[in-house]
Amino acid sequence: MNDVSGAELAIRALRAHGVDTIFTLVGDHTLPLCDLAIDNGIRFIDTRHESAAVHMADAWSRATGRPGVVLVAGGPGHANSLAGLAVASRQEVPLIHISGRPALAYEGMDALQELDQIETAAPLSKRAEMVRNPAAVPEAIHAAFRTATSGRPGPAHITIPLDVQEALVDSDLAAPTAAPGTSVTDGSGASEASLESLLEILRTAARPAIIAGAAAAFGVDSSALLQLIESTGIPLFTVETARGLVTDEHSLCLGYADPALNHAARLIGEADVLLLLGKKFDFRLAYGRPPRVGRATRIVQIDPDPNQIGRHRAVEIGITADIGTVVSQMAAAAPQLDWPDHEDWVLRLRNSRRHQLRGLADLAADEGLPLHPMTVVEAVKPFLVDTDFLIFDTGDYVQWGRSYLEARMPGLWLRLGPLGHLGAGLPLALGCQVADPGARSVVFIGDGGVGFYFMEFDTAIRHDL
């Protein structure tokens, strides 16, 4: 009989998924996990606030394309982390969020720092589970990875009580019931008939447009998406974590799919066919209503979540499938077809964007006072290189940089997303630094925003970020 602890089983499972970095604020409820993680060569990035740890794991995931892992204590540690979990949830970033908690032996007895952690994490997670038996720890972790990376990505939460971490179990009883892996998508694509219909509606459009959204960010091959737009001549907009899938400097990529910040995106309402790649009909697109989307616009929607197909707005073609697979199918088939010339339509979009950029540059040139935020953005721009991480916090000041600066590569243009959570820009930048220490992180953040996580400068110094 070979007895192992629940904590050891957890660390083995994490290592099986390639985990080499954990973002944390250490507490009593996680000490067994922490000791074994360090013994097994896992790097700890310890922060000054639990929410900052989640933001760093979030950014690390966006930068690497792999699920970030965060470990916090139970009760107040868990509660502090929920703000970060909410941001990752709305941005659809795959995370593994692990909390300790007081021993199960005292469950429901008003133990010190006891909190209903599953009820609090469930609305912010794709999956929330408390493990009550050490033998069940491996499968809980494997299930969390499967859930976080399948379909529309997002966080998965696990609570592992202190006594479950410490309890011993026969290792033979704790064999994982599912093989580990960072992605479990079945790779299903469009049927031959659906693909033919999809391409035909695009091929007969006079003013088509494509929007790539959050669900496309982690699974779409940038080269396939580039081949698709170059073969068809159809203009592309990107938004959310999909920013940079194709560089904004490409003639067919018109940048940010946010009409409030990109004047070219205001013309999406004139498109006669709109292809959504993992983009929801949310507030940015006025829930699919005019003027953001035309009444007569024919909608083609590809999404891994069937519940998003036709939500808020009827679609002509809806395909529930792996977006990356469908994009690759389209990219392979498109060069075999004849495509109309969309030059006039694309030129209108480009001219709208150029006119806006000239107007923003004029604001930067104004030498009057008070200093315009564009003056700062324009001063920074000459120093930027393609490999820099650009991080935009929330607030009026940062909107100018979001409107003006290009997204050039996947995972390098980070925004807090539709939740609008103020102040997370600093820990997001530090998470990027952990992911790629050789790159630079440039953060646009207001004076109010920087105050929320100011002590994470201490984290930067301790970890040489």
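Look up a bit, the structure's there.
Each value, and the rule that gives it
Residues numbered from 1 in each chain as written. Predicted model: local features only at pLDDT ≥ 70, side-chain atom pairs only at ≥ 80, totals over all residues. Heavy atoms only, no water. Axes fitted to C-alpha atoms, helices over the stretch in contact; angles between N-to-C directions. Helix = DSSP H or I, 4+ residues; strand = E, 2+ residues; numbered from the N terminus. Parallel < 35°, antiparallel > 145°, perpendicular 65-115°, else oblique. Left-handed = near helix turned anticlockwise from the far one by under 90°. Contact = heavy atoms within 4.5 Å. Nonpolar A, V, L, I, M, F, W, Y, C, P; charged D, E, K, R; others polar.

Q: Account for the packing of helix H3 (residues 50–64) against helix H4 (residues 76–91), with residues named and values stated.
A: For any two helices packed against each other, one specifies the crossing angle of their axes together with the interaxial distance. Where H3 meets H4, the axes come as close as 6 Å, and the angle between the chain directions of the two elements is 30 degrees. With respect to H4, the axis of H3 lies roughly parallel. Two packed elements cross with a definite hand, and for H3 against H4 that hand is right-handed. When H3 is examined against H4, the residues Glu-50, Ser-51, Val-54, His-55, Asp-58 and Arg-62 are found in contact with a partner set consisting of Gly-77, Asn-80, Ser-81, Ala-83, Gly-84, Leu-85, Val-87, Ala-88 and Gln-91. Among the residues forming the contact of H3 with H4, the class breakdown is 5 nonpolar, 7 polar and 3 charged.

Q: Which residues make up unusual backbone geometry, and what values do they have?
A: Negative phi characterises most residues that are not glycine, and trans characterises most peptide bonds. Of the consecutive residues Pro-290 and Pro-291, the connecting peptide bond is found in the cis state with omega at 0 degrees. Structurally, the position occupied by Pro-291 is in the loop between strand E12 (273–277) and strand E13 (298–303). For the bond running from Leu-369 to Pro-370, omega is 0 degrees, close enough to zero to count as cis. For Pro-370, the position within the fold is in the loop between helix H11 (343–365) and helix H12 (373–380). Positive phi outside glycine occurs at Gln-113, with the angle close to 65 degrees. Counting through the fold element by element, Gln-113 comes out in the loop between strand E5 (95–99) and helix H5 (117–121). Within the chain, His-312 stands out as a residue other than glycine whose phi angle is a positive 80 degrees. With respect to the helices, strands and loops of the structure, His-312 is situated in the loop between E13 and strand E14 (317–320).

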